[in-house]
Amino acid sequence: MSKLIVVNPFYCLEAWTYQNFSRARALCAQLGNPPGSERLDEWEADPELLDEVLQVSDVFPLAKNHNVELTRTGYPAERVYQLGKSFTSSVDAARECGPLQQALSRLADLDR
């Protein structure tokens, strides 16, 4: 059980990825700003709201196939962590998992 980490977004992981507002805007623009794109303005004004949206993928035009792109470049992890919402809980759980920290340390040693 010491190796079990609960990753528990409020509703879905997409809510975390959409926090990369600048990249999400660029992707929406590439898609022709489909309906729902305007939600970014509201979420950027109050980023905590995004963590509370039920079925965010039903009201926003980006989908699971955009997640990698949303997290690859410029993901604001520190800002999202500072919101103190579900991302924070999951990061804290990972930080408190000794076996995971040991494995990450071994990987870091391999990169040196």
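The structure under discussion appears in the preceding block.
Conventions used here
- Residues numbered from 1 in each chain as written.
- Predicted model: local features only at pLDDT ≥ 70, side-chain atom pairs only at ≥ 80, totals over all residues.
- Heavy atoms only, no water.
- Salt bridge = Lys/Arg side-chain N within 4 Å of Asp/Glu carboxyl O.
- Helix = DSSP H or I, 4+ residues; strand = E, 2+ residues; numbered from the N terminus.
- Buried < 20%, exposed > 50% of the residue type's maximum accessible area, 1.4 Å probe, protein only.

*Asks:* Summarise the pattern of salt bridges; cite the residues concerned and give the values.
*Replies:* Tallied over the entire structure, the rule returns eight salt bridges. For the salt bridge of Glu-44 with Arg-25, the shortest nitrogen-to-oxygen distance reads 2.8 Å. Taken together, the residues span a long stretch of sequence, with Glu-44 in helix 3 (residues 39-45) and Arg-25 in helix 2 (residues 21-30) at a distance of 19 residues. Across the salt bridge formed by Arg-39 and Glu-42, the nearest N and O atoms sit 3.6 Å from each other. Taken together, the residues Arg-39 and Glu-42, both in helix 3 and three residues apart, mark about one turn of the helix. When its relative accessible area of 23% is taken as the criterion, Arg-39 is described as partly exposed. Put simply, Arg-23, Glu-69 and Arg-72 are held in one network by salt bridges that share partners.

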